[in-house]
2 protein chains.
Amino acid sequence: MAVFQRFQRLPFVSRCLKPQTCNVTAHKTVTERIQQRRAHDAAPTRRPFSRVTPDDLSFFSHLLPGRTITDPDVLESCNVDWLKTVKGSSEVLLRPKTTEEVSQVLRNLAVSPQGGNTGLVGGSVPVFDEIILSTALMNRVLTFDSISGILTCQAGCVLESLSQYVEERDFVMPLDLGAKGSCHIGGNVSTNAGGLRLLRYGSLRGTVLGLEVVLADGRVLDCLAKLRKDNTGYDVKQLFIGSEGTLGVITGVSILCPRKPKSVNVAFLGCSSFQNLLETFQMCRGMLGEILSAFEFLDASCMSLVEKHLKLANPITESPFYIVIETAGSSAAHDEEKLHNFLDKVMASSLVVDGAVATEEAKIKALWSIRERITEALRHDGYTYKYDISLPLEKIYDLVTDMRAHLGNRAKNVVGYGHVGDGNLHLNITSPREDAALLAAIEPYVYEWTWKRQGSISAEHGLGLKKRNYIYYSKSQEAVRLMRDFKTMLDPKGILNPYKTLPDHVR
Amino acid sequence: MAVFQRFQRLPFVSRCLKPQTCNVTAHKTVTERIQQRRAHDAAPTRRPFSRVTPDDLSFFSHLLPGRTITDPDVLESCNVDWLKTVKGSSEVLLRPKTTEEVSQVLRNLAVSPQGGNTGLVGGSVPVFDEIILSTALMNRVLTFDSISGILTCQAGCVLESLSQYVEERDFVMPLDLGAKGSCHIGGNVSTNAGGLRLLRYGSLRGTVLGLEVVLADGRVLDCLAKLRKDNTGYDVKQLFIGSEGTLGVITGVSILCPRKPKSVNVAFLGCSSFQNLLETFQMCRGMLGEILSAFEFLDASCMSLVEKHLKLANPITESPFYIVIETAGSSAAHDEEKLHNFLDKVMASSLVVDGAVATEEAKIKALWSIRERITEALRHDGYTYKYDISLPLEKIYDLVTDMRAHLGNRAKNVVGYGHVGDGNLHLNITSPREDAALLAAIEPYVYEWTWKRQGSISAEHGLGLKKRNYIYYSKSQEAVRLMRDFKTMLDPKGILNPYKTLPDHVR
């Protein structure tokens, strides 16, 4: 498979350059920059955690009979991330079914909690020999309240299964993402996943109502409330949302599901410039208002890649930029009227040069697949350097343009797509193979560029292993120190997903 | 003024009975229960904080010339809460204008941060001689992005002023509450205020994008991001939302404002039973869907009180229950059609017995005022015992019915109103005067009742001083211990809003 070009221990870098000193590097040659990176960057050193002993294995086998896995073939796939860029060497995979079992596991040994293993920053696989603690068998729906739409379930439920479950009951999950067929809700919460519906239903910080978390010492924190409002004390569950399993292992989730819309429409539009795309977005928000459920974009390079590698057809005239707009509402007639009024206006004003609209499910899926399968097309295109940037909306495409100019012909492709409504750009750069010189040209340039514009170097993917040392490009020293203090308080031995999220050296 | 019946030091109780042992009290006489309460309850003891010295005053006067207030008349109003039920004895009021000034103030002396002082649980006034740290002069808008709708401002901006500011720019604040004319955005965030728009725009946990916070030792935590998405490390700002000033002083807020709707309608409806009201809500969510922006209710007793004390007219036939429905959308024609279809259906099915609809602003305000002025009417009715309960939706009115039966003729009025869409009941019990026997009949009954149904004993008001010791009715021991650990970590000297939020004794 073309995606499997490389497969090594720790390909990422862990550079810890002060943003304030970034400009110095601009004057160095590529070779100097690579050397500097090598000098600065060091893969983490294995911390002195106990190794798994025969006694430990005996304990696990007794606790989890048939669910304590040491078979190297099974372990192989759990040791490697989805992108095949990070590989650990764990020799034990545990598959608890209950919270109590998770609690029994957490004591002294380092663990790497794993859901669907679909993360993009190396956060869900072990770095060394940490035990892999899989939530795969914790996949039971616990309760669903068909009046309020509040679902409680175990952490290992697959997002798509939950979607089907609640859709049969006339609700939808408040999040949707490309990896829905594999990702677990516990992983979604641990990484504060964003995705395609954030524009409409907001972030998990608002829709997650409760969590059950096993702390590093095995204590079970029961905050699995099924209430929309609760202001009794600090909202401690928030700290576990987006902390990538480094502060506790999420075992249960309570989440608020919106009603299933009665009518869904998708429009696929072409724009001749990014400025026109932004103006289309502004007009769209005004005219579609409350029924707008997604506003996504891709550039012409993305379209070329899905056409070339996946043989998908461009449904409209070739354009520099494409938009996918989804509406979801309670009245088909009203929604279609709003959408047509909007389309008439943007076509008449030449903001949009061509478009296609779908109302049937199969056609909707076909239009969506162009946007959703870009990641897959990129994997076919070569080794991919992936960046997930949050920026003030009006600047989001400048990064692609500037990066293209900056890299010249050193990259195979520099493409941009993402969630316009959330100010979230996915910048991807492909190369025939891994290329240290190319990487040195991309980083820290991309981080400095983002930092100068007060953006976030990880809008929705998290930091995991790969980006942990870049945190200072988006967070202040005080904030990172506070994070370190939380980590020390909640996991004094550092056994929960070590080497992830926090930088190697806190300033 | 009738509302000023009582005015004493610490009228609240701080009973710390284990929920597990609640039933024991049911067999006691009223006298025994009062005695038990007195034995169990103790107002907090002043902790050994330094007293403000002449040197401190000199430092403050130098730092905040003309804004270091020791005038007893001015201090009087800041020492008392809005309900006039809690009174402190602070001798210094500080009015910083900048974050740096707040930072200079926070060192060793205990402080009580104060915004608009509109809280209902005694959280915003000093208990003893804590310095009152007012945000009143920190009232500058810092930035507003008219593309994204992201507002950043100082913590002391009055909510209504911010509403006016963003409405002039075609946006609305994502929260609205009765106290908007006085409350500060910093106080709203510190108390995780809910209010009337939560149903539509979600909680502040999703809409607050960034905070600036001064920590107990004067360090400034700058998390004032202006990004919709940012997954770089733990979201530390969340801990300060709803922590009532006990972990840090919020000095700046970044918040996402939704677009101003083009069309707003309000319907005022009457139902013959709470069951019919719930069925109306279900139908409403299905038929109004994305344009539903509020679904509030009041019972006939509330209506009687606003008619009697405020001389407001009931716009429809007398009914056991009343509903206020608000729609907000982008098309007046569509919204009205949806609303009329819905009204036709609920009238035809006899779920609703009578109704009035308003589309003009003055009439909308008149209908809303019936719901919004209930608190004011209650103050005229006598001494009011206020409870703010979150429950599974189908049970929310049972508490009012059960409380009426439980109290018999001991109470003057037992009324219920609140946010149906959020499962949030405001239970209020009036009495001609403060009545220890009545209180002993209400508490812990109300908390036990809520606890047995897995509700929250404070949906949106917080715990403050009055309810801090009732936290175990809604939170587990592990959760409260974790809160205590956060407090110890962030405020080791305990100087930030002491005696609030956390119970006197952590189990």
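Residues numbered from 1 in each chain as written. Chains lettered and ligands numbered in written order. Predicted model: local features only at pLDDT ≥ 70, side-chain atom pairs only at ≥ 80, totals over all residues. Heavy atoms only, no water.

Once that is clear, we can look at the interface of chain A and chain B. Counting residues at the interface gives 87 residues for chain A, matched by 88 residues for chain B. Both faces considered, chain A and chain B share a buried interface measuring about 6900 Å² in area, 55% of it formed by carbon and sulfur atoms. Three residues stand out in chain A for area buried against chain B, namely Lys229, Asn231 and Tyr234 of chain A, and they jointly supply 15% of the buried area on that side. Among the ionic pairs, Glu478 of chain A bridges to Arg219 of chain B, the shortest N-O distance being 3.0 Å. Elements represented by at least two residues in the side of chain A that touches chain B include exactly helix H7 (198-201), strand S8 (220-223), helix H9 (274-288), helix H11 (332-348) and helix H17 (477-490) of chain A. With nine residues, the top contributor of residues to the side of chain A that touches chain B is H17 of chain A. Here the side of chain A that touches chain B is built from residues that sort into 30 nonpolar, 34 polar and 23 charged. (Contact = heavy atoms within 4.5 Å. Buried area = accessible area lost by both parts, 1.4 Å probe. Salt bridge = Lys/Arg side-chain N within 4 Å of Asp/Glu carboxyl O. Helix = DSSP H or I, 4+ residues; strand = E, 2+ residues; numbered from the N terminus. Nonpolar A, V, L, I, M, F, W, Y, C, P; charged D, E, K, R; others polar.)

Residue and element names in this part refer to chain B. The element strand S11 (residues 292-299) is largely enclosed, with a buried count of eight among its eight residues. Looking at chain direction, S11 and strand S12 (residues 321-329) are connected through seven bridges and run antiparallel. Counterpart to Phe297 in the pairing with S12 is Ile323. Where S11 and strand S15 (residues 413-419) come together, three bridges link them in antiparallel fashion. Residue pairing in the sheet places Glu296 in a bridge with His419 of S15. (Buried < 20%, exposed > 50% of the residue type's maximum accessible area, 1.4 Å probe, protein only. Pairing = 2+ DSSP bridges.)

Under the fitted operation, chain A is carried onto chain B by 0.0 Å of movement along the axis and a turn of 180°, and the coordinates agree to an RMSD of 0.0 Å. The two molecules are tied by a two-fold rotation axis, judged by turn and shift. Among all C-alpha atoms of chain A, that of Gly206 of chain A lies closest to the rotation axis, at 2.3 Å. A symmetric contact is evident, with 99% of the interface residues of chain A recurring at the interface of chain B. (Least-squares fit on C-alpha atoms with pLDDT ≥ 70 in both.)

Residue Pro444 of chain A is reached from Glu443 of chain A by a cis peptide bond, and omega for that bond is 5°. Unlike most non-glycine residues, Tyr499 of chain B shows phi in positive territory, near 75°. As for its placement among the helices and strands, Tyr499 of chain B is situated in the segment after helix H17 (477-490). Its relative accessible area of 3% is what places Tyr499 of chain B among the buried residues.

Let's shift gears to helix H13 (residues 374-381) of chain B. All names here are of chain B. Counting buried positions along H13 yields six of eight residues, so the element is predominantly enclosed. Within the span of H13, buried status applies to Ile374, Thr375, Ala377, Leu378, Arg379 and Asp381. Packed against the buried residues of H13 are S11, helix H10 (300-310), helix H12 (361-372), strand S14 (383-390), S15 and strand S16 (424-431). Directly after H13, the chain includes Gly382, whose backbone phi takes a positive value near 145°.

Turning to the packing of helix H14 (residues 398-407) of chain B against helix H16 (residues 445-452) of chain B, a few remarks are in order. For any two helices packed against each other, one specifies the inter-axial angle together with the distance between the axes. Residues and elements named next belong to chain B. Running from amino to carboxyl end, H14 crosses H16 at an angle of 145°, the nearest separation of the two axes being 11 Å. Considering only the axes of H14 and H16, their crossing is right-handed. Contacts between H14 and H16 involve Asp398, Leu399, Asp402, Met403 and His406 on the former and, on the latter, Tyr445, Val446, Trp449 and Thr450. Split into classes, the residues belonging to the contact of H14 with H16 amount to five nonpolar, two polar and two charged. (Axes fitted to C-alpha atoms, helices over the stretch in contact; angles between N-to-C directions. Left-handed = near helix turned anticlockwise from the far one by under 90°.)

Turning our attention to the pattern of salt bridges. Taken as a whole and judged by the stated rule, the model has 47 salt bridges over all chains. Note that Lys237 of chain A is salt-bridged to Asp235 of chain A, the shortest N-O span being 3.0 Å. Here Arg205 of chain B and Asp235 of chain A are joined by a salt bridge, their closest N and O atoms 2.9 Å apart. Of the two residues, Arg205 of chain B is situated in helix H8 (residues 204-207) and Asp235 of chain A in the loop between S8 and strand S9 (249-256); the pairing between them involves two chains. Accessibility assignment for this pair places Arg205 of chain B and Asp235 of chain A in one class, buried. Here the salt bridges do not stand alone but share partners, grouping Asp217 and Arg219 of chain A together with Glu478 and Arg481 of chain B into one network.

Residue and element names in this part refer to chain A. According to the domain assignment, chain A contains domain 1 (141-256) and domain 2 (263-374). Here the C-alpha centre of domain 2 lies 30 Å away from the C-alpha centre of domain 1. Domain 1 puts five residues into the contact, and the matching count from domain 2 is 11 residues. Of the roughly 670 Å² buried at the junction of domain 1 and domain 2 (both faces included), carbon and sulfur atoms supply 53%. Together, Leu196, Leu199 and Arg200 form the three largest contributors to the area buried by domain 1 at its contact with domain 2, with a combined 82%. Our count for the contact surface shared by domain 1 and domain 2 stands at one salt bridge. Two residues, Glu372 and Lys180, come together in a salt bridge whose shortest N-O distance is 3.9 Å. Among the residues making up the side of domain 1 that touches domain 2, the classes are represented as two nonpolar, no polar and three charged. (Domains from an automatic or database assignment.)

What follows concerns the confidence of the model for chain A. Residues and elements named next belong to chain A. On average, chain A scores 91 in pLDDT, and the residues at 70 or more come to 92%. In this model, residues 1-27 is a region of pLDDT below 50 whose contacts with residues beyond four sequence positions or in other chains number 86 contacts. Two summary scores accompany this predicted model of the complex, namely pTM at 0.92 and ipTM at 0.91. (pLDDT = per-residue confidence, 0-100.)

Aromatic rings in a pair are described by how distant their centres are and how their planes are angled relative to each other. All names here are of chain A. Applying the stated rule across the entire model yields 35 aromatic pairs over all chains. On the numbers, 4.7 Å between centres and 85° between planes, the contact of Phe321 with Tyr397 is edge-to-face. Remark: Tyr397 occurs in the loop between strand S14 (383-390) and helix H14 (398-407) and Phe321 occurs in strand S12 (residues 321-329); sequence separation between them is 76 residues. Taken as a pair, Phe321 and Tyr397 share a single burial class, namely buried. Three or more aromatic residues link up through ring pairs in this structure, and these residues are Phe274, Phe297, Phe321 and Tyr397. A cation over an aromatic ring shows up here: Arg169 above the ring of Tyr165, its NZ or CZ 3.7 Å from the ring centre. Above the ring of Trp82, the side-chain terminus of Arg379 is found at 4.1 Å from the ring centroid. (Phe/Tyr/Trp six-rings, centres within 6.5 Å; stacked < 30°, edge-to-face > 60°. Lys NZ or Arg CZ within 6 Å of the ring centre and 35° of its normal.)

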